[in-house]
Amino acid sequence: MRCLTTLYMEHSASEDDLPHRAFLRGYTAVLLGILIKDGNASRNVVLSALSGETPSAKLKTLVYHCRAFLDLYTQTAASLIEESDTPSLQGTGPRRKDLWDKTGEEVARGVIASLELLCNN
């Protein structure tokens, strides 16, 4: 757990960063959000491993990174859909638009909603 949370919290939310690092941090935030959304024991373990002054501040940081992940995820999906509609790629195999799955987006949105509820409690 320490390795995962160190990777996640090493960079501040305001740091200008490469997209792949922001994506990885956001993905990690989503995974941590999944771990803590359903139980106090796992929530306590994860929150104690994260840096931050209060549990609320830690949760808000997780929400921030989950939103950044969701933004990058939807941009990637839009790019793949747009790319699959170009005439040079049509008829060259399975269309990426048909293969893109919205499950990741739905999971991220659910985690964000759960974390926001925890922040408000």
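What you see is a predicted model, and the numbers here were worked out from it, not measured in a lab.

A few points about the overall build of the protein
Counting its regular elements, the protein contains six helices and zero strands. Going from the N terminus to the C terminus, the protein shows its helices and strands as α-α-α-α-α-α. Considering the protein as a whole, with its 121 residues, one finds that 32% of them fall into the buried category. Taking contacts inside the protein between residues at least 6 apart in sequence as the whole, the part at least 24 apart equals 66%. By element, 56% of the accessible surface of the protein is carried by carbon and sulfur atoms, the whole surface being about 7,500 Å².

Side note on the nonpolar core
Judged by nonpolar contacts, the single largest core of 20 residues is most densely connected at Val-30, Ile-36, Leu-50, Leu-59, Leu-62, Cys-66 and Leu-115. Breaking this core down by element, the ones donating at least two residues are α2 (19–36), α3 (40–49), α4 (55–84) and α6 (103–120). In terms of residues, this core owes the most to one element, α4, which gives seven residues. In this structure Leu-59 touches Ile-36, Leu-47, Leu-115, Leu-118 and Cys-119, once residues within four positions along its chain are discounted.

Here's the deal with the pattern of salt bridges
Per the stated rule, a full pass over the model turns up two salt bridges. Ionic pairing is found between Glu-116 and Arg-67, a salt bridge with its closest N-O pair at 2.2 Å. Here Arg-67 lies in helix α4 and Glu-116 lies in helix α6, a separation of 49 residues in the sequence. What makes Arg-67 partly exposed here is its relative accessible area of 40%. A salt bridge links Glu-105 to Arg-109; the shortest N-O distance between them is 3.0 Å. With Glu-105 and Arg-109 both in helix α6 and four residues apart, the pair spans about one turn of that helix. According to the relative accessible area criterion, Glu-105 is buried, its value standing at 11%. You can call Arg-109 partly exposed: its relative accessible area is 45%.

Here we look at the environment of Asp-38
Looking at the element boundaries, Asp-38 is found in the loop between α2 and α3. We classify Asp-38 as exposed; its relative accessible area is 69%. Sequence-wise, Asp-38 and Ser-114 are 76 residues apart; in three dimensions their C-alpha atoms are separated by 8.9 Å.

Let's talk about the packing of aromatic side chains
All chains considered together, the criterion is met by three aromatic pairs. Where Tyr-27 meets Phe-69, the ring centres are 5.8 Å apart and the plane angle is 55°; that geometry is what we call tilted. Taken together, the residues Tyr-27 in helix α2 and Phe-69 in helix α4 connect sequence positions 42 residues apart. On the accessibility criterion, Tyr-27 (41% relative accessible area) is partly exposed.

Rules used throughout
Residues numbered from 1 in each chain as written. Predicted model: local features only at pLDDT ≥ 70, side-chain atom pairs only at ≥ 80, totals over all residues. Heavy atoms only, no water. Helix = DSSP H or I, 4+ residues; strand = E, 2+ residues; numbered from the N terminus. Buried < 20%, exposed > 50% of the residue type's maximum accessible area, 1.4 Å probe, protein only. Contact = heavy atoms within 4.5 Å. Areas by Shrake-Rupley, 256 points an atom, 1.4 Å probe, with all protein chains shown as cover. Core = buried A, V, L, I, M, F, W, Y, C linked by side-chain atoms within 4.5 Å. Salt bridge = Lys/Arg side-chain N within 4 Å of Asp/Glu carboxyl O. Phe/Tyr/Trp six-rings, centres within 6.5 Å; stacked < 30°, edge-to-face > 60°.

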